[in-house]
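# Close look at the chain arrangement
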Amino acid sequence: MRSRPLIVLLLGFSTFAVAQEKPGELPEITRASLDAAIRRGVDFLITHQNPNGSWGGATRTKGLNIYAPLPGAHHAYRAGASGLALSGIIDAADPRPEVEAAIAKAAAWTAAELPKLRRADQTTTYNIWGHAYALRAISRLHSREQDSAKKAGWAALAQGQVDLASRYADINGGWGYLDIFDNLTTQKPSGIPTSFTTASVLLAMDQARSGMGVKLDEDLVRKAIAGINYQRTPDFSYTYSFDHRMRPRADINRPAGSLARSQACNAALRVFGEKSVTDEILTTWADRFLAREGFLSNVRKRPVPHEGAFRIAGYFYYYGIYYFTESVKLLPKETHAAYAKRLAAILLERQEKDGSWWDYPLYDYHQAYGTGYSLMALAWCRETLADRSFN
């Protein structure tokens, strides 16, 4: 009798383990409560937007700050945070004039600044996050634009972002954000591609391709997909990085440590035709995410990266929330409402008094990116539940 729980723990991806993760009673989610939370999030962003249209900055430092070689790292942080904030505001579909004005300012900053984005130096490729989340914002700007010439302009900007991201793909396949481990200076990054960074870039590229017709380097895409598969374990956890594939049972690479990564990686592989990522896999990981969300939440707002159980970092939290929606969208539509209700309940509970959402103190970027992720997720919840009158 004592061996069965041990077997379940070791297998990780067992049906027995998932069967125990049943949702409890949910608070009532109404259209009014969702609208109010979304409006408060939008209000936070438009009142904290920089005069130039971007979000975030290199202020609000603390005793331990994420490595950020100047000045390029902060250009990348600002590009990524601004892309997420702008995407969240657009998805919120708030018709107020002040919201439209904020979108226009952010669009102008995006058009002017994103073509300049490069890696800070040979040690970092933080610009990859800027390219990926700029593509998310540009896709939305293109979709809402009525003028054909302006639509073409957004498509051209998106193609430029795809090309820049492709330039900084790692020689091992996919993308990472650090290149500091071998003391080599190479034109193409030779650091450590990470499974989740690669998945984030690929999903953004796919959205740009399907919505704007941008061209992807198919050989590069195939190599990136192979890189994610190299980091996939039999239970559909994903190791943190390419190097971690040699230590698949280290705590950060186990199912709990992969809780946020598996959402993005499964979605990316599925979108790019990986048949092994079945509905059953997506469902199992979606259920696991909701049942074990506490693993991620336990580390929210802690200032030290990877200090939580299973080496979870605070900045995994809203990243995982957003890519949970990207993964669930790939399941049959009739399954969406139940997930939307549970996710909405979590997000409404997590909203801060000032209307923002944040998970890790990252200079002055964290509230912008956390709120952007959350608004996109809540907008999906609202749209999903609308046809069912929130019953």
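These remarks concern the structure in this document. (Residues numbered from 1 in each chain as written. Predicted model: local features only at pLDDT ≥ 70, side-chain atom pairs only at ≥ 80, totals over all residues. Heavy atoms only, no water.)

## Quick look at helix α10 (residues 259-271)
Each turn of an α-helix holds 3.6 residues, which means side chains three or four residues apart point in the same direction. For α10, spanning 13 residues, the distance from its first C-alpha to its last is 19 Å, which sits close to the expected 18 Å at 1.5 Å a residue. Listed as buried for α10 are Leu259, Ala260, Arg261, Ser262, Gln263, Ala264, Cys265, Asn266, Ala267, Ala268 and Leu269. Where α10 is buried, its residues contact α8 (195-212), α9 (218-230), α11 (279-291), α12 (293-297) and α13 (317-328). Gly273 sits one or two residues past α10 and shows a positive phi near 90°. (Helix = DSSP H or I, 4+ residues; strand = E, 2+ residues; numbered from the N terminus. Expected span 1.5 Å × (residues − 1). Buried < 20%, exposed > 50% of the residue type's maximum accessible area, 1.4 Å probe, protein only. Contact = heavy atoms within 4.5 Å.)

## As for the side chain of Ser195
Tracing the sequence through the fold places Ser195 in helix α8. Here Ser195 is in contact with Ile228, Gln231, Tyr238, Thr239, Tyr240, Arg261 and Cys265, once residues within four sequence places are set aside.

## Considering unusual backbone geometry
Put simply, Leu70 and Pro71 share a cis peptide bond, and its omega is -10°. If you trace the backbone, Pro71 turns up in the loop between α3 (31-47) and α4 (72-92). Phi at Lys301 takes a positive value of approximately 75°, unusual for a residue other than glycine. Owing to a relative accessible area of 31%, Lys301 belongs among the partly exposed residues under this scheme. Here the phi dihedral of Phe310 falls at roughly 60°; this positive angle occurs in a residue that is not glycine. When you line up the elements, Phe310 lands in the loop between α12 and α13.

## Observations regarding the packing of α13 against helix α15 (residues 366-386)
Interhelical geometry of α13 versus α15 gives an angle of 30° and a closest axis separation of 9 Å. Regarding the angle of α13 to α15, the classification is roughly parallel. The two elements α13 and α15 cross, and the hand of that crossing is left-handed. On α15, the residues that touch Tyr318, Tyr319, Ile321, Tyr322, Thr325 and Val328 of α13 are Gly370, Tyr373, Ser374, Met376, Ala377 and Trp380. Taken together, the residues of the contact of α13 with α15 sort by class into nine nonpolar, three polar and no charged. (Axes fitted to C-alpha atoms, helices over the stretch in contact; angles between N-to-C directions. Parallel < 35°, antiparallel > 145°, perpendicular 65-115°, else oblique. Left-handed = near helix turned anticlockwise from the far one by under 90°. Nonpolar A, V, L, I, M, F, W, Y, C, P; charged D, E, K, R; others polar.)

## Some words on the packing of aromatic side chains
Any aromatic ring pair is given by two values, namely how distant the centres are and how the planes are angled relative to each other. If you walk through the whole model with that rule in mind, you get 25 aromatic pairs. Relative to Tyr365, the ring of Tyr363 has its centre 6.3 Å away and its plane inclined at 70°; by these criteria the two rings are edge-to-face. Positioned above the aromatic ring of Phe242 is the side chain of Arg245, whose terminal nitrogen or guanidinium carbon lies 3.8 Å from the ring centre. Arg288 extends its terminal NZ or CZ atom over the ring of Trp285, reaching a point 4.7 Å from the ring centre. (Phe/Tyr/Trp six-rings, centres within 6.5 Å; stacked < 30°, edge-to-face > 60°. Lys NZ or Arg CZ within 6 Å of the ring centre and 35° of its normal.)

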